[in-house]
Structures are given as C-alpha cells and as structure tokens.
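# A closer look at the structure
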Amino acid sequence: MGDTEDGDVILELRDITKAYSGIVALKKADLKLRRGAVNVLVGENGAGKSTMMRIIAGVERPTLGEIWMEGERIHLDSPGDAVRHGIGIVFQELNLFGNMTVAENIFATRELTRGLFGIDHRAQVEKANEFLDRLEAGITADTLVEDLPIGQQQLVEIARAVSLDTRILIMDEPTSALSAAEVDVLFRVIAELKAQGVAIVYISHRLEELMRIGDYITVLKDGQITGHALVRDIDTRWIVRSMIGSDAKDFAREVDHALGDEVVRLEDITLPRAQGGYAVDHVSLSVRKGEILGIYGLMGAGRSELFECIMGRHGHYTGKVFVDGRELQERDTTGRIARGIALIPEDRQREGLVQCLSIAENLSLASLGQFVKFGFHIEPKRERSAIAEAIRNLSIKARNPDFEVTSMSGGNQQKVVIGKALMTGPKVLLMDEPSRGIDVGAKADVFRTMRRLAGEGLAILFSTSDLEEVMALSDRIAVMSNGRLIAVMDRTEATEEAIVTASAEGHKTRRMHA
Amino acid sequence: MTSATQTAAAGPATGGSLLLTLMKLRTFIALFAVIVFFSIFAPNFLSTANMILMSKHATQNAFLAIGMTFVIVTGGIDLSVGSIVGLCGMIAGGLILHGIDLPMGYTVYFNILEVAVIVAIVGIVIGILNGLLITRLNVAPFIATLGTLYVARGMALLYSDGQTLPNLVGRQDLGNTGYAIFGSGTWLGLPVSVWMLIVVALGAAYFARFVPLGRHIFAVGGNERAARMSGIRVDRVKMFVYMFSGFCAALVGLVISSELMAAHPATGTNLELNAIAAAVLGGTSMSGGRGTIGGTIVGAFVIGILSDGLVMMGVSSFWQMVIKGLVIIIAVVVDQAQRKLQARVTLMQMAKQG
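Treat the numbers as computed from the prediction; the structure is a model and nothing was measured.

### Overview of the overall build of chain A
When helices and strands are counted, chain A shows 17 helices and 22 strands. Its C-alpha radius of gyration of 24 Å places chain A within 12% of the 24 Å reference for a compact globule of 514 residues. Principal-axis analysis of the C-alpha atoms places the extent of chain A at approximately 70 × 55 × 50 Å. Burial statistics for chain A: of 514 residues in total, 53% are counted as buried. Split by element, the accessible area of chain A, about 22400 Å² in all, is 49% carbon and sulfur. Considering chain A, the positive charge centre built from 63 side chains and the negative charge centre built from 77 side chains are found 4 Å apart.

Below, the structure is given as structure tokens:
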C-alpha cells in the first residue's frame, strides 16, 4: 500500500468523535490533509464524510478530539472561523440565493464596496466573470441564479469557493450535476489550484473520478477510517472492499423471465422549453410487461421531463401515451395514477415525501381511495394492514410506522417513496434516478426490488447517469441526449462506448446550430 | 377529542420526558391556568350564567378558528372571515326584515331554516371566490383574502348604508319568527350555538382523520409538490378549505346577529385575528402541515376566557390587548421549544432501539 506518511500536512484531525444525541457519527477518526494534493474521501452514505467536512468547515463542533493546523491546535467554532483559517467548502446541496445575480452570490458577505457609496456592482460582475471564465462556465455574472440550470448553478458554487482564495478547499460531490465536458474543466481548475499549493478535499461516489484526480485516499465506514492510501497504489476493487467490507455485490440479475405484451407506448412526446428548443424532442418508446428499460443520459438530457410528461405534470406537452393499447385521455397526475402509472421522483425530499407526516401516512398518501367505505370513510384496519404489507414487502426498516418519515435513513426513505407508488397498484413504474443519494447497500436492495417487480409483471422505466447501473439492470437501454432519443439498444448488443457516444450526440448538433 | 385528532402530531405518541409531555399539554395547562386564575381573582367567574356567557363568546372564536386551522394547515391564511361574519349577519337580517323583491312586484320571505341555508351558501360562495383567486389566478392567500376582506365589509356597509338592521323577530304571518334560536336558544341546558360547535368540531376532527380529502389537507401543507406528484388534486383541496372557512364564518354571522336580534355591518371586525391566534395557540404551524382541531378549540377557549376574565376583573382594554399579545407570543415560543425537544427525544429513542 506504500508509505502514506510523506507529504506536507496542512490540517490534521486527531481522534475526532462526534456524537449527536444517541448516535455516534464519527468514532475517533484521524484525517490528514496535504498541501498541494487532492485528498479524496469516500464512504457509503451515512459513513460520516459529511459530518467530518462540516466539522472542518466549522458548521459542527466535534464532541471529542483536536484539530491541528500547521502544527498549531485550532478551534473552529463557526463557519467564520473556518473562513479566517482559509478553509472553503462547496456543499453537496447548493447553497445559493436564487433571487440574486451570480456576481452577488459569489461576493455574498464580502461585497466589493466603494466606501460609503455602497456596493460596486460593476466591479463585482467583472471579477465574477473572471472566475467564471476560468471555469469555462459560459455564464455571465449578472444573470439571476434561479434562471440557470442546475449544472451551471453548481459551477457558480464552485466559482464562489475558488474565489475565496482558500488554502483548503472542500468539494462535496461537486460533479453530481455536471456534464463530462464540465467535469474536465473542473479537473483542470483543480489541477491549477493544486499547483498553487491548495489542499483539496474531494468527496464523490464516482470511483472513476477519484482514481483520475486523487492523490491520497481515505475510506470511511460507519464513522471510522477503514483505509488510507496513495491513490496510485490502489484500484477501485480496494476502495469498494474498504467501503463495504467485501467485494462489490452484483446488481441482482439473477433469474431471467419472459417478457409479456406491450404495456406502455409513447408516441411523439414533445415538450417545448421556455427558452426555445425542446426539453423533450419527439420521443417515441414502448415497454413490455416485465421489462426494464434503462434510460441513460447526462444531466439535462430530458429524462426527468419525459417522465413528467408521462405523469401529466406539464399541461403543454404534445404526443400520446398508451397504456394497454388505450390512449390516455387524462392529462393530470391524478388521472394518470388511476390509469396505472406511478413515478418515483428524482428529488426525494422535494417531490417524494411529506416530511411532517409519519411513515404510514406517507405510504398510503397516494392510495387512500382504496380504503374508503361509503365513498368517504377511510377504514383504519384496511389501511393499517396495507401499510404493514408494504413495509414487509420492501423490507423497510421502520420500527414504528407512526414515526416521522424523516427519522429514517435515506435508503429507507427511498423505499417509502417506492412503497407509496406501489400501493397505487401500477402497471408502469417510472423511476427517476432511483439510486440517487443512497448508499451502496441500499442501492443493491433497491435494484433487487426492481428486478423482483419486473418479474412480477411490472413494466419499469428508470433513468440513470451511471453506466454500470444501466448496463447491469436493463433489458433494453435507451440513450437520451439534449431532449432527443438517440438510440435504443438491446442489452446484449449494447457497449459502454456506444452508450457514451450516443449520450453526447444531441450536444454536438446543438453546437453546430449555434 | 385531541387524542382523536392527533393526525399531524409529531413523532412518537408514547414515551419522552416529563417536560415534553408538559409541553405537549401546554394548551390544556394554559386553559386550566386561566380558569383557576380567574375563579380566584374575578368575582362571579364560576357562576353558571357567566360560564354560559363565556362559552358563547368562545364559541364564536372557535367556529372561525376551526375553518382557519384547515386553511393554515394547507399553508394559507384566510383574512376575510371577520368580514364574512358581518356580511352574512346583514344578509340574514335583510332576508328576515325585507325578504327578496322579485321583479313582478312579489316579495319572497323565507323561514328561519331557509335563511340559515342561504346565509351558509353566501359564506361558501365567498370561500369559492377566495379559492379561485388563489388556485386559478395564483394570488397569494394573504392578498386574495385581504381583498375579499375589504369587498365583503364594504358590501355589508352598502347593504344598509351603514345602518343597523334592528329587531329581527320576523312576522307570524310570514312564518319567519324564531330567529333567536341560534344565538339564545338552549337545548338540554346548553346554548344551541354550543351544540352547533360540537357538531362542526366533531365533524371536522373526523374529516381530518378518516376522510381522504381531510388527509390531503395535511399533505398539501406539508409538501405541496410531493402531494401533487402523489396524485392529490391540490387545487381542489385548497378550494375546499377556503369554502369550509367561509361556511364557518357564515355560521358565526348567524349566531351573532341572532344573539343580538339585530345585524350591524361592522360585526366581526378583527375576528379573523382572534381566529388565527386561537389556531396558533392550539399548536397549528403557520408554515403548514401541522395542526389539530382539538388543540384549536382549546386555544379558542383560552383566548375567550382570557378576554372575558380580564373584563370581569376590570383590567383596562388597553392592557387586555397587551396581555393577549404576550400569551400568543409565548405560545409560539413554547411550540418551537417543544419541537426541538421532540426531535432530540426521537433521536434518543432511535439510538436506544438500535
């Protein structure tokens, strides 16, 4: 594994323990961050990565343990302390003010002023543009943040962190919304910062990325450090082993089952974009009973929008949706659910769960109509037993279904959203990035469930931006790019190369137009 | 009643520290405290006559607060209820005194029950108006209902040119006597208005727990987008809560004008604020998603008893306002503290169980 003790340590965490009431998120963890290097941190969800970063950023204080910076013990009691020590952070969730311009966001709390004459907006915009150009973001600094797509917002967040001129820069999943080209640019900027002696902390679930840019790697599991090495000495196998304690499980493709008749057919689904062009560009597809169709594409390829059209979220789309050969006349979500379509949205917190309701109430939310007697009275007994069945079927770890849904882990919350969709008794299940934000173990669980449901005769469409996932899970693979359906291939003939090439197709043509 | 309406209550129902239990019961403790306090310091407070008078006053608040609770649970607000009270009282008075003039020279008079139904429909129609403004035209609830507040009050004043409609006894030959029943009638020793409240409150509590639309109210307030994606017709839910709030306000208009046997166009001014205060005191969260009918009713009684008791003690009305305001602020502060404590206790329990 090589000697990992060399290198120039700028910040050291010693024996850090962080206990939240009743739960120990970090147990005596040590971490050394090296100057002029990319320090990679990996681990399953809930392993304690974010807690550790929040401690370094001064958001949380450790219960026990010491923080040393350049041979001196320091205390980080607030985010302000961290900034004073030259620590900057790009959080996983975007922390931008949507109602302000890009420049105002970048210079928030340290506005450029002209003495008593207030904020010098022109200077701010100019400086902000410099940072954005460095990231080749293609954004002008006087646009409002809320007008930008999510990938570009992430770039703004990165630009802000870079502009802080920090000595330690933490990036928590910075590439989750970026296209391949944007990732390349980001990596170039990281290399520049590295050359300037900045210590970069890089957190990501994408192992290829880590292998590409990491220098040192630290693996966390259940709040403890389980591995520390030089990236050049190890391979992805080693990472996975340290992360989950064994070699990667295969994504549950055990039994093959025969496919049935066509259940759902889309014809010419088109959704115009407000800025011109199409978010979904004349897409036609069909899925058979028991089939899993994986839709691969980059962020902004139009996958979510396609699902939303099928679900009746957008009133102004055109095209036809057929279920069991009959065209759907209902254009709203309620009607679509009644006709056997269910969606598991990409953003669990914003569109999947009602946070203040209990686990049970969330599960039965979409299917209350089934338990009704006399047209209005919900029969508690029938509701209870259906909820208990859903919990059992999906092996949701709910100690008490009356607890608030937010008291569960991300993976279990995702299962609640799946359970809610299944309780409506769908024929077609749409899953938008079903593995987003859940850990490896829960992922495998969700994938097994998907295979099982397909085996039971459900038609499943799922979207993902993970190549491995789409290859392992799908019976057929569709590739979308820039709103267009580029290719549909059978799993047996699909290659990773063909998929990646197809996923960039839509962007090429756009550039030619522009 | 509260145990039956804990639909949106947070976290585990059992366990937790003593402090948490005390905080959860704070509205009851407050009710108990004001009753004990005034029975010691206010003369005649515990007399039957006074009790009935106070429960009548509190009833008026409670009606409005029940409607308001549903509205606030969806994340909205209904400022128009006070004006609806005034307008509905005037319409009831007008129907009894003048009937409706038909074009060919006839005048139609209605009996008391018909008057009550028409007035209720007027309240619901104003609710529909609020709902349409909010759902179809995307006006913020605060602004939409502020607008209808002015419109309804103005119409009430226009109706009689600002005059009181006195002496609503009706005429024997027209068959519209007996209007006093809503305000001063009694049945089994309790005022009719209190019976009406019991019916509406039980109905609302049942509705919140056992009817799909009632459950949807909480989902819409908790996370509107998720509710929409779950197939809940969000606009329909919102229409319903404003209609129900308008209906509750119409009932109050009936009760007050019947009690006074006169309709004054300024009746019900500022009642919307009392209703909001009662709902908040009863644990309804202004950000939506949380609230119970039982809590709201206790809240309405705390506010009602507080104001009547202070009057009986001879506290100046200026001080009364100060005290009422402080009580509301304290209620919300305790509510926040409870939520924090609740979260901690839930975490502890999770940790203990594994």
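### What to know about the domain arrangement of chain A
Residues and elements named next belong to chain A. Per the domain assignment, the segments of chain A are domain 1 (9–244), domain 2 (252–340 + 426–514) and domain 3 (355–425). In total, about 980 Å² of surface goes out of reach between domain 2 and domain 3, with carbon and sulfur atoms giving 68% of it. Linking domain 2 with domain 3 are one salt bridge. Notably, a salt bridge pairs Lys-415 with Asp-445, separated by 2.6 Å at the nearest N-O pair. On inspection of domain 2 and its partner domain 3, the count reaches three residue pairs in polar contact (both at pLDDT 80 or more).

### A look at the nonpolar core
Ile-66, Phe-70 and Tyr-179 of chain B are the most contacted members of the largest nonpolar core, which has 97 residues in total. Examining the composition of this core, we find that 13 residues originate from one element, helix H11 (residues 234–260) of chain B, more than from any other. Setting aside chain neighbours within four positions, we find Phe-70 of chain B in contact with Ala-204, Phe-207, Ala-208, Ile-217, Val-241, Phe-244 and Ile-293 of chain B. Grouped together as the second largest cluster of nonpolar side chains are 48 residues, Val-38, Ala-103, Leu-169 and Phe-187 of chain A included.

### Describing the sheet that holds strand S8 (residues 199–203) of chain A
Residues and elements named next belong to chain A. The six strands are arranged S6-S7-S8-S3-S9-S10 in an open sheet whose pairing can be described as mixed. This sheet does not close on itself; its edge strands, each paired only once, are strand S6 (87–90) and strand S10 (224–230). Direction aside, neighbouring strands of the sheet carry axes that sit 15° apart on average. Examined bridge by bridge, strand S9 (residues 216–221) and S10 share six bridges and lie antiparallel to one another. Considered in S10, the bridge of Ile-217 is made with Ala-229. Running at roughly 175° to S6, helix H5 (residues 150–163) makes contact with S6 and strand S7 (168–172) of the sheet.

### A look at a nonpolar patch on the surface
All names here are of chain B. On the surface, Phe-32, Val-36, Phe-37, Ile-40, Phe-41 and Met-313 cluster together into a nonpolar patch covering about 600 Å² of accessible area. No other element matches the five residues that helix H2 (residues 26–41) contributes to the nonpolar patch. The residue Met-313 is located in helix H13 (residues 293–313) in this model. On the basis of relative accessibility, which here comes to 32%, the residue Met-313 falls in the partly exposed class.

### Focus: H2 of chain B
Residue and element names in this part refer to chain B. For H2, built from 16 residues, the straight-helix expectation of 22 Å at 1.5 Å per residue is met to within 8% by its first-to-last C-alpha distance of 22 Å. Where H2 is concerned, the buried positions are Arg-26, Thr-27, Leu-31, Val-34 and Phe-38. Taken end-on, H2 shows its buried residues confined to a sector of 145°, consistent with a single buried face. H2 presents Phe-32 and Ile-40 as exposed residues on the side facing more than 90 degrees away from its buried surface.

### Describing the packing of aromatic side chains
Within a pair of aromatic rings, the relevant descriptors are the distance that separates the centres and the angle that separates the planes. The tally for this structure, following the rule as stated, stands at 14 aromatic pairs over all chains. Relative to Phe-45 of chain B, the ring of Phe-38 of chain B lies with its centre 5.7 Å away and its plane at 35°, an arrangement referred to as tilted. Of the two residues, Phe-38 of chain B and Phe-45 of chain B, both sit in the buried class. Measuring from centroid to centroid gives 4.9 Å for Phe-207 of chain B and Phe-240 of chain B, while their planes differ by 25°, and the two rings are stacked. Taken together, the positions of Phe-207 of chain B in helix H8 (residues 192–210) and Phe-240 of chain B in helix H11 put the pair 33 residues apart, joining distant regions of the chain. The rings of Phe-70, Phe-207, Phe-240, Phe-244 and Phe-247 of chain B are connected pair by pair, giving a single aromatic cluster. In this structure, Arg-34 of chain A packs its charged tip against the face of Tyr-216 of chain A, placed 4.4 Å from the ring centre. Over the face of the ring belonging to Phe-322 of chain A we find Arg-265 of chain A, whose NZ or CZ atom lies 4.4 Å from the ring centre.

The rules behind the values
Residues numbered from 1 in each chain as written. Chains lettered and ligands numbered in written order. Predicted model: local features only at pLDDT ≥ 70, side-chain atom pairs only at ≥ 80, totals over all residues. Heavy atoms only, no water. Helix = DSSP H or I, 4+ residues; strand = E, 2+ residues; numbered from the N terminus. Rg over C-alpha atoms; globule rule 2.2 N^0.38 Å. Buried < 20%, exposed > 50% of the residue type's maximum accessible area, 1.4 Å probe, protein only. Areas by Shrake-Rupley, 256 points an atom, 1.4 Å probe, with all protein chains shown as cover. Lys, Arg positive; Asp, Glu negative; His and termini not counted. Charge placed at Lys NZ, Arg CZ, Asp CG, Glu CD. Domains from an automatic or database assignment. Buried area = accessible area lost by both parts, 1.4 Å probe. Salt bridge = Lys/Arg side-chain N within 4 Å of Asp/Glu carboxyl O. Polar contact = N/O pair within 3.5 Å; in protein donor to acceptor, adjacent residues only side chain to side chain. Core = buried A, V, L, I, M, F, W, Y, C linked by side-chain atoms within 4.5 Å. Contact = heavy atoms within 4.5 Å. Pairing = 2+ DSSP bridges. Axes fitted to C-alpha atoms, helices over the stretch in contact; angles between N-to-C directions. Patch = residues over 30% accessible without salt bridge, like charges linked within 9 Å, V, L, I, M, F, W, Y side chains within 5 Å. Expected span 1.5 Å × (residues − 1). Arc of directions from axis to C-beta. Phe/Tyr/Trp six-rings, centres within 6.5 Å; stacked < 30°, edge-to-face > 60°. Lys NZ or Arg CZ within 6 Å of the ring centre and 35° of its normal.

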